[in-house]
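Overview (structure and organization)
Residues per chain, in single letters:
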Amino acid sequence: MNKRDRTKVFMAGLLIALTGVFAGGAWAGISATKHNLSNGGPGTIKGDGTEICIFCHTPHDAIKTANIPLWNKQLSALNISYGVYTSPTLNATDVTDVKMITAADATVTNLCLSCHDGTVAINSFNNPSNLETVPVMVGTTAGKLPVGNSNLGTDLTNDHPVNFTYDQTLADADKFLTAPASLVGVKLFSNKVQCASCHDPHLSTNGAFLRVSMSGSALCLSCHTK
Ligand code: HEC
Ligand code: HEC
Ligand code: HEC
Ligand code: HEC
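Residues numbered from 1 in each chain as written. Chains lettered and ligands numbered in written order. Predicted model: local features only at pLDDT ≥ 70, side-chain atom pairs only at ≥ 80, totals over all residues. Heavy atoms only, no water.

Here we take up the packing of aromatic side chains. Each aromatic ring pair is characterised by the separation of its centres together with the angle its planes make. Under the defined criterion, the tally for this structure stands at 1 aromatic pair. With a centroid separation of 5.3 Å and an interplanar angle of 85°, the aromatic rings of Phe 55 and Phe 125 are classed as edge-to-face. Here the residue Phe 55 occupies a position in the loop between strand 1 (46-47) and helix 2 (108-116), and Phe 125 occupies one in the loop between helix 2 and strand 2 (137-138), the gap between them amounting to 70 residues. We classify Phe 55 as buried; its relative accessible area is 3%. (Phe/Tyr/Trp six-rings, centres within 6.5 Å; stacked < 30°, edge-to-face > 60°. Helix = DSSP H or I, 4+ residues; strand = E, 2+ residues; numbered from the N terminus. Buried < 20%, exposed > 50% of the residue type's maximum accessible area, 1.4 Å probe, protein only.)

Mapping Gly 118 onto the fold places it in the loop between helix 2 and strand 2. Every residue in contact with Gly 118, bar those within four places of it in the chain, is listed here: Lys 144 and Asn 151. (Contact = heavy atoms within 4.5 Å.)

Within the secondary structure, Ser 76 sits in the loop between strand 1 and helix 2. Given a relative accessible area of 9%, Ser 76 falls into the buried group. Side-chain polar atoms of Ser 76 contact the side chain of Asp 117, separated by 2.8 Å. (Polar contact = N/O pair within 3.5 Å; in protein donor to acceptor, adjacent residues only side chain to side chain.)

On to the site of ligand 1. Lining the immediate surroundings of ligand 1 are 14 residues, of which Cys 53, Cys 56, His 57, His 202 and Arg 211 lie closest. In this structure, an oxygen atom belonging to ligand 1 sits 3.1 Å away from a side-chain N or O atom of Arg 211. Considered class by class, the residues forming the shell around ligand 1 number 9 nonpolar, 3 polar and 2 charged. (Near = heavy atom within 4 Å. Nonpolar A, V, L, I, M, F, W, Y, C, P; charged D, E, K, R; others polar.)

Further remarks concern the coordination of the iron atom of ligand 1. Surrounding the iron atom of ligand 1 are the protein donor atoms His 57 (NE2) and His 202 (NE2), which sit 2.0 Å from the metal. Metal-centred angles of 86 to 179° between the 6 donor atoms at the iron atom of ligand 1 mark the site as octahedral. Pair noted here: His 57 is in the loop between strand 1 and helix 2 and His 202 is in the loop between helix 4 (195-198) and helix 5 (218-223), with a separation of 145 residues, a long-range link. Taking relative accessible area as the criterion, His 57 reaches 26% and is therefore assigned partly exposed. (Donors = N, O, S within 2.8 Å, 3.2 Å for Na, K, Ca; no water. Tetrahedral: all angles 85-135°; square planar, octahedral: opposite > 155°, others 65-115°.)

For the rest of this paragraph, the subject is the side chain of Asn 163. Within the fold, Asn 163 resides in the loop between strand 2 and strand 3 (164-165). Of note is the side chain of Asn 163, whose polar atom sits 2.9 Å from the side chain of Gln 194. Leave out the neighbours within four places in its chain, and Asn 163 touches Asp 94, Val 95, Thr 96, Asp 97, Val 98, Thr 107, Lys 192, Val 193 and Gln 194.

The following block contains the structure:
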């Protein structure tokens, strides 16, 4: 093997190694999940375009009342009253209706519900791409999430509570909650529990976009020291 051939072999090897690295990165992220709604996505619900992020984010002209983080997906009607979980043993006092009324009230939960309450078409963007036409969706019901597990509907009274403050006062009152400053893996948003406290919409590693695995109910045990 002359020097030039050795260089070629080395370059080919490097390319294979790098491809492995990039493929590894991609598989740990959103492209391997049902939130990859491009034509290359693994789910049954998807569009015929190639862009992935556009279903939720845009670099320009994001929805101003919910520019957390550069949001592109049309939100659900502001007059929907989702209702909230109640229970006689609940210590959380500020479990309030999930509604997006003003910029101050925009929550990550409203972002999820813009698709998962089943009321708005998945491909209704605030700022469509200038590079591709608006994707035509398959697997939807009139463009919306079909009835099924993923469609939570507008009744959240039978779901784990969201949109309430999880602070040290609550942890003390409950007695079986991790101190909020010591939480690992899960995430609070302005000290509140939201959909994205348990889920990371980009993450493929734990299934169901969970931030912590449900093996041994680890996710639940991150907050509840039962
Ligand atoms: C199905 C909807 C959805 C898609 C598709 C999506 N995201 Fe997100 N993204 C969200 C939501 C909701 C949040 C806020 C929740 C959070 O911060 O964990 C977020 C937050 C972010 C953030 C800021 C917070 C952080 O964790 O750093 C970045 C950056 C981001 N996304 C980048 C991307 C990129 C890049 C893509 C495309 C490869 C993408 N997202 C695709 C829903 C989505
Ligand atoms: C742009 C629309 C859109 C947004 C916004 C969105 N999702 Fe989804 N999500 C989907 C679609 C489509 C599916 C696939 C549903 C199916 O196949 O039945 C899905 C599936 C899921 C699943 C099931 C995954 C599985 O493996 O079965 C979970 C969990 C989920 N989403 C959580 C969230 C959470 C939490 C948020 C907000 C942080 C969010 N989604 C935001 C469109 C969206
Ligand atoms: C306290 C943690 C937690 C919160 C908060 C939470 N989820 Fe989930 N979610 C889970 C777990 C765990 C699963 C997997 C359940 C299973 O496998 O049956 C799940 C499953 C799902 C699924 C898949 C369908 C299903 O029923 O299994 C969707 C869609 C979903 N969540 C959306 C949401 C949305 C939207 C919100 C906010 C309104 C939310 N989640 C809030 C923990 C949570
Ligand atoms: C991000 C932290 C967090 C995660 C993860 C979490 N929870 Fe919770 N959960 C809370 C908080 C905080 C409350 C409110 C407790 C209170 O008011 O005393 C709560 C409330 C509840 C309640 C209602 C208690 C009542 O008195 O009515 C139940 C039951 C519950 N969680 C079960 C679960 C299960 C099961 C899981 C795993 C699938 C889970 N939680 C995951 C933080 C979390």
